[in-house]
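Okay, here's what each chain looks like letter by letter:
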Amino acid sequence: MTDLGLPENILACLFDLDGVITRTAAVHAAAWKQAFDTFLRERDGTDFRPFTDADYAEYVDGRPRSDGVRVFLASRGLDLPEGAPDDPPGAATVHGLARRKNELFLERIRAGGVEAYDGTLRYIRAARADGLRTAVVSASANCRDVLRAIDAERLFDTRVDGVVAAGRGLPGKPRPDTFLAAAGDLGVPPGRAAVFEDALAGMDAGRAGRFGYVVGVDRVGRPDALYAHGADRVVTDLAELTGKPAGPAGR
């Protein structure tokens, strides 16, 4: 293993955004809960059953927004019309609920700003200093704005996010296509790239793509689940891979 805690043959690192680079996973979860609970309460009345942290982890985390709506509603035996991408936020369609969630997420981001995980930024800088290529791979259509907010856009050689994936027609996680596209952009075969993910869907994508190493980043205390979904190693912070403390990022 290298000083970065990776196999010697790894040439590139592919990082998820929410929960790995930035402290936005909890913001996403809260926005999803508000959007789904409002919809479910209006639909089910006294039989209302709220959206839970377990629902977020199992059905939504790491997936494109519309996929998250479909998969979660299917878990409740519900099937909404697809609607259209320009449906008003909160309309009783897949796109309407997805837009409402994004609206709530952006409101929360504007109110509280965006914070990065210092250990991750230090790790990315160390990887680049060692000559590894880097990519950010995210289902978020807001990825570029979030990276700019933490002054980290320049730390990546390529970005495959929700906007890029839609433009290229790439299915989202748990399919490996977005990670494979990022590796392709970097000119690195999957077997020589490492994936860094906190979502179970991202673990599945790393395993399905046959990447050279998959690191599960455990922010919520579920190491067994990350290993079960394909992690080669699980850490609570990327600083653990180098044996160095997660000090100030020094942006």
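Since the structure is predicted, the reported quantities are computational estimates derived from the model, not experimental observations. Chains are numbered independently. Their residues run from 1 in the order of the written sequence. Restriction of local features to residues with pLDDT of at least 70 applies here, the model being predicted, together with a cutoff of 80 or more for giving and counting side-chain atom pairs; totals for whole chains, interfaces and linings are based on all residues. Excluded from the side-chain calculation are hydrogens and water; included are all heavy atoms of the structure.

Undergrad: Help me get a handle on the environment of A91, residues and values and all.
TA: Think of it this way: any DSSP run of H or I at least four residues long counts as a helix, any run of E at least two long counts as a strand, and we number them from the N terminus. Topologically, A91 is positioned in the loop between helix 3 (65–75) and helix 4 (94–112). For the pair A91 and A208, spaced 117 residues apart in sequence, the C-alpha separation works out to 34 Å. Every residue pair with non-hydrogen atoms within 4.5 Å of one another is taken to be in contact. When residues no more than four places from it in sequence are discounted, the contact partners of A91 are G96 and L97.

Undergrad: I'd like a description of helix 8 (residues 177–186), backed by residues and values.
TA: For an α-helix, 3.6 residues make a turn, and residues three or four places apart therefore share a direction. Three labels apply to residues, based on accessible area from a 1.4 Å probe with only protein chains included: buried if under 20% of the type maximum, exposed if over 50%, partly exposed otherwise in between. Helix 8 sits mainly inside the fold: seven of its ten residues count as buried. One or two positions beyond helix 8, positive phi appears at G187, with a value near 70°.

Undergrad: Before we move on, can you summarise the environment of L78 with the specific residues and values?
TA: Structurally, the position occupied by L78 is in the loop between helix 3 and helix 4. Note on L78: relative accessible area 13%, which makes it buried. Other than its neighbours up to four places away in sequence, L78 contacts F39, L40, R43 and L73.

Undergrad: Got a sec to walk through the pairing of strand 2 (residues 133–137)? Specific residues and values, please.
TA: The element strand 2 is largely enclosed, with a buried count of four among its five residues. Taken together, the four bridges between strand 1 (residues 12–15) and strand 2 define a ladder with parallel strand orientation. Paired with L14 across the strands is A135, a residue of strand 2. When the strands point away from the viewer and the path from the first strand over the helix to the second turns clockwise, the crossover is right-handed. Running through helix 6 (residues 143–149), the crossover from strand 2 to the neighbouring parallel element strand 3 (residues 158–160) is right-handed. Here a strand pair is declared whenever DSSP counts at least two bridges between the two strands.

Undergrad: Before we move on, can you summarise unusual backbone geometry with the specific residues and values?
TA: Cis rather than trans, the peptide bond between K173 and P174 has omega equal to 15°. Tracing the sequence through the fold places P174 in the loop between helix 7 (162–168) and helix 8. In this model, D151 sits at a positive phi of 55°, which is unusual for a non-glycine residue. If you trace the backbone, D151 turns up in the loop between helix 6 and strand 3. With a phi close to 55°, R210 is a non-glycine residue in the positive phi region. Residue position: R210 is located in the loop between helix 9 (200–208) and strand 5 (213–217).

Undergrad: Which residues make up the nonpolar core, and what values do they have?
TA: As a rule of thumb, soluble globular proteins bury nonpolar side chains together. L6, F15, I21, Y123, F156, F196 and L238 are the most contacted members of the largest nonpolar core, which has 37 residues in total. Among the elements of the structure, strand 1, helix 1 (25–44), helix 4, helix 5 (118–129), helix 6, strand 4 (193–197) and strand 5 are those that each provide at least two residues to this core. Residue contributions to this core peak at four residues, all from helix 5. Joining through side-chain atoms within 4.5 Å is the link that ties buried Ala, Val, Leu, Ile, Met, Phe, Trp, Tyr and Cys residues into a set, and such a set is a nonpolar core. Core analysis: the next-biggest nonpolar cluster, separate from the first, contains 22 residues, A181, A182, V188 and V214 among them.

Undergrad: With reference to specific residues and values, describe the packing of helix 1 against helix 3.
TA: Geometry of a packed helix pair, given as the angle between the helix axes and the separation of the axes. Geometry is summarised by axes, namely lines fitted to C-alpha atoms with helices restricted to the contacting stretch, and by angles between N-to-C directions that run from 0 to 180 degrees. One way to put it is that helix 1 packs onto helix 3 with a least axis distance of 13 Å and a crossing angle of 45°. The angle between helix 1 and helix 3 falls in the class oblique. When you trace helix 1 past helix 3, the crossing you get is right-handed. In this structure, helix 1 contributes W32, F36, F39 and L40 to the contact, and helix 3 contributes R65, G68, V69, F72 and L73. Three residue categories are used. Nonpolar comprises Ala, Val, Leu, Ile, Met, Phe, Trp, Tyr, Cys and Pro, charged comprises Asp, Glu, Lys and Arg, and polar comprises the others, including Gly. Tallied by class, the residues present in the contact of helix 1 with helix 3 amount to seven nonpolar, one polar and one charged. Should an angle lie under 35 degrees it is considered roughly parallel, over 145 roughly antiparallel, and from 65 to 115 roughly perpendicular; all remaining angles are considered oblique. Note: crossing handedness is left-handed where the near helix turns anticlockwise from the far helix by less than a right angle, and right-handed where it turns clockwise.

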